[in-house]
Amino acid sequence: MRVMAFDYGTKRIGIAVTDPLQIIATGLDTVHPMNIIDYLKTYFKTEQVERFIVGEPKQMDNTPSQSAIHVKGFVGLLKKTFPEIPIEMLDERFTSKMASATIAQSGMGKKARQNKELVDNISAVILLQSWMEKSAFL
């Protein structure tokens, strides 16, 4: 079964998934928060997901950032709507900067680096890859 990761934002949610063998993380989509539940219900008609990974926004001093309250609400909505799917939180510090750097290194132009949807999508992939690496050592 797949694992799905979310880079939550109040304007967009970047979504990434693993392949069924959980070897490769791939960007899936970027969805407006108001549409996320319908999007997931449609996705689950054809795919099975065993776990959600949600980026946990933190400050440099390890305290919750300003957006943490929104992420907490999103996690509550996921728990209520999909109670059978466990949720893990994972520190998401630097994922957006890493995503922008990845886009720059890929040779894409400045316009691609400024594409917030692409940055959010790649941030979700980086988050999921981090979780996969961490899980491999447990």
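Just so it is clear, the model here is predicted, and its values are computed rather than measured.

Before going further, it helps to spend a moment on the packing of aromatic side chains. Considering all chains together, one arrives at seven aromatic pairs under this definition. Measuring from centroid to centroid gives 5.2 Å for F6 and F74, while their planes differ by 80°, and the two rings are edge-to-face. Here F74 lies in helix α2 (residues 68-81) and F6 lies in strand β1 (residues 2-8), a separation of 68 residues in the sequence. Both residues of the pair, F6 and F74, count as buried. Measuring from centroid to centroid gives 6.1 Å for Y43 and F44, while their planes differ by 65°, and the two rings are edge-to-face. Y43 sits in the buried class, given a relative accessible area of 12%. An aromatic cluster is built from F6, Y8, Y43, F44, F52, F74 and F82, whose rings are joined through pairwise contacts.

Burial analysis of β1 places seven of its seven residues in the buried class, the great majority of the element. Every second residue of β1 is oriented toward a common face, with R2, M4, F6 and Y8 on one face and V3, A5 and D7 on the other, all of them buried. One ladder, built from five bridges, connects β1 with strand β4 (residues 49-56); its direction is parallel. When the bridges of β4 are listed, R2 appears paired with V49. Relative to strand β2 (residues 13-18), β1 runs antiparallel, the two being bridged by five bridges. Directly across from F6, in β2, lies its bridge partner I15. Joining the antiparallel neighbours β1 and β2 is a turn of four residues.

Looking now at the confidence of the model for the protein. Across the protein, pLDDT averages 84, with 76% of residues at or above 70. Averaged pLDDT values over the elements of the protein bottom out at 61 in helix α3 (residues 95-105) and peak at 97 in helix α1 (residues 36-43).

With that out of the way, let us pick up unusual backbone geometry. Most of the time, phi is negative for any residue but glycine, and the peptide bond is trans. Look at Q22: it is not a glycine, yet its phi comes out positive at around 60°. Under the relative-accessibility criterion, Q22 is labelled partly exposed at 25%.

What follows concerns the packing of α1 against α2. Relative orientation of the contacting elements α1 and α2 amounts to 40°, with a least axis distance of 11 Å. If you check the angle between α1 and α2, you find them oblique. Considering only the axes of α1 and α2, their crossing is right-handed. Contacts between α1 and α2 involve I36, I37, L40 and K41 from the first element and F74, L77, L78 and T81 from the second.

On to the pattern of salt bridges, then. Scanning all chains against the criterion turns up two salt bridges. A salt bridge links R51 to E88; the shortest N-O distance between them is 3.1 Å. Pair noted here: R51 is in strand β4 and E88 is in strand β5 (residues 87-91), with a separation of 37 residues, a long-range link. E88 sits in the partly exposed class, given a relative accessible area of 23%.

The rules behind the values
- Residues numbered from 1 in each chain as written.
- Predicted model: local features only at pLDDT ≥ 70, side-chain atom pairs only at ≥ 80, totals over all residues.
- Heavy atoms only, no water.
- Phe/Tyr/Trp six-rings, centres within 6.5 Å; stacked < 30°, edge-to-face > 60°.
- Helix = DSSP H or I, 4+ residues; strand = E, 2+ residues; numbered from the N terminus.
- Buried < 20%, exposed > 50% of the residue type's maximum accessible area, 1.4 Å probe, protein only.
- Pairing = 2+ DSSP bridges.
- pLDDT = per-residue confidence, 0-100.
- Axes fitted to C-alpha atoms, helices over the stretch in contact; angles between N-to-C directions.
- Parallel < 35°, antiparallel > 145°, perpendicular 65-115°, else oblique.
- Left-handed = near helix turned anticlockwise from the far one by under 90°.
- Contact = heavy atoms within 4.5 Å.
- Salt bridge = Lys/Arg side-chain N within 4 Å of Asp/Glu carboxyl O.

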